[in-house]
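# Working through the structure, step by step
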Amino acid sequence: MSLLSVRHLTVSFGAVDAVAGISFDLDRGRVLCVVGESGSGKTVAALAVPRLLPAPARITGRVLFDGEDLTAAAERRLRDIRGRRIGVVFQDPASALNPVLRIGDQVDEALRLHDRATTRRQARSRTLALLELVGVTDPQRRAEQYPHQWSGGMRQRALIAIALANDPDLVIADEPTAALDATVQAQVLRVLADARADRGCAVLLITHDLGVVADLADDVVVMYAGRIVEARPASALFTDRQHPYTRTLLDSRPVWAERVERLRSTPGSLPDPRHPPAGCAFHPRCVEADARCAAERPVLLEVAAGHRTACHHRGDR
Ligand SMILES: Nc1ncnc2c1ncn2[C@@H]1O[C@H](COP(=O)(O)OP(=O)(O)OP(=O)(O)O)[C@@H](O)[C@H]1O
Ligand code: SF4
Ligand SMILES: [Mg+2]
């Protein structure tokens, strides 16, 4: 049984389905990267797992975590699971730390919240080890500082320390390095990779960066307009035939951008979620679209072991 099994997950805000019936599995010790352009539903899907979405969100489907359906769990049970078994690194780090508490106290609290038997002294020694683990130099002095005394990159590391504090089974990290410079980015990602390697935790990682996917991912889920259009092992992502939208993403990598622009461009943007197009949601932008694509939505089907794709032209062109 997978550690995490998401089945037919739909998240609606009023009449809009921000996530529309997605299913995927994540096993222990694996890194699953979720990619897709801005607004495709990555954050909403990831935050629906530990039910961290704001009140108007309506969730249907099932989120089985270690066999337990979190969509049906009581709030109290969820609070226990979050932070202890599921660590979350949010996309917006600014709001995730308390500005009036010292960083060290915040990490201590994350530890003690889930294990009241931990003494302050024990918590602090683990806090310092965690801060060191995420690359904070001079953690003793740094722990006494307030968030505003830490740079954005360092605050992001503090959040990762908090997410990892209780040795979670699953870490959900939403663009954890988007605001960081390249060197810090690599260090922070290394911490996540080590957590996977050393402790066998599973990582659900949202990223815009296909270099990160190439380096870290075992599996990749590509989202478009709230749905999964392709899901496959990362090893074949860059070499084998991809879904037309996946190819667009790969082609838009900066290194290719100039060349691709000369060959073709993919005009347009995500459809308005209030008025999704009929048929395949990608058809207005797809270079391979035909009449069937405009009329009929392709079903996500398994085309090889671990490889699902939603396209009417699976390999026939
Ligand atoms: N609280 C909310 N109320 C209403 N709509 C929302 C809310 N949160 C997200 N949405 C909508 O859900 C859709 C998916 O948003 P989401 O934040 O998941 O995108 P994303 O893929 O994470 O994008 P980005 O790459 O920019 O972070 C968007 O259309 C967004 O406007
Ligand atoms: S179903 Fe048609 S429009 Fe959609 S991705 Fe495939 S070829 Fe393109
Ligand atoms: Mg997001």
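Residues numbered from 1 in each chain as written. Chains lettered and ligands numbered in written order. Predicted model: local features only at pLDDT ≥ 70, side-chain atom pairs only at ≥ 80, totals over all residues.

Taken together, 14 residues form the shell around ligand 1, and within it F13, A18, S38, T43 and V44 come nearest. Among the elements that make up the shell around ligand 1, the one with the highest residue count is helix α1 (residues 42-48) (three residues). Class assignment of the residues belonging to the shell around ligand 1 gives a composition of six nonpolar, seven polar and one charged. (Near = placed C-beta within 6 Å. Helix = DSSP H or I, 4+ residues; strand = E, 2+ residues; numbered from the N terminus. Nonpolar A, V, L, I, M, F, W, Y, C, P; charged D, E, K, R; others polar.)

With 87 residues, the main nonpolar core has C33, V107, A161, V171, L205 and V222 as its most contacted residues. Broken down by element, the residue count for this core peaks at eight residues, all from helix α6 (residues 152-164). Contact partners of A161, with chain neighbours within four places excluded, come to V107, L130, L131 and V134. (Core = buried A, V, L, I, M, F, W, Y, C linked by C-beta atoms within 7 Å. Buried ≥ 20, exposed ≤ 12 C-beta atoms within 10 Å, placed from the backbone. Contact = placed C-beta atoms within 7 Å.)

Residues that lie three or four places apart on an α-helix share one face, since the helix turns once every 3.6 residues. The terminal C-alpha atoms of α6, which comprises 13 residues, lie 18 Å apart, in line with the 18 Å expected from a rise of 1.5 Å per residue. Judged by how many residues are buried, α6 sits mostly within the fold: ten of 13 residues are covered. When we look at burial in α6, the residues that qualify are M154, Q156, R157, A158, L159, I160, A161, I162, A163 and L164. Packing partners of the buried residues in α6 comprise β6 (86-89), α3 (103-114), α4 (120-133), β7 (170-174) and α7 (182-199). (Expected span 1.5 Å × (residues − 1).)

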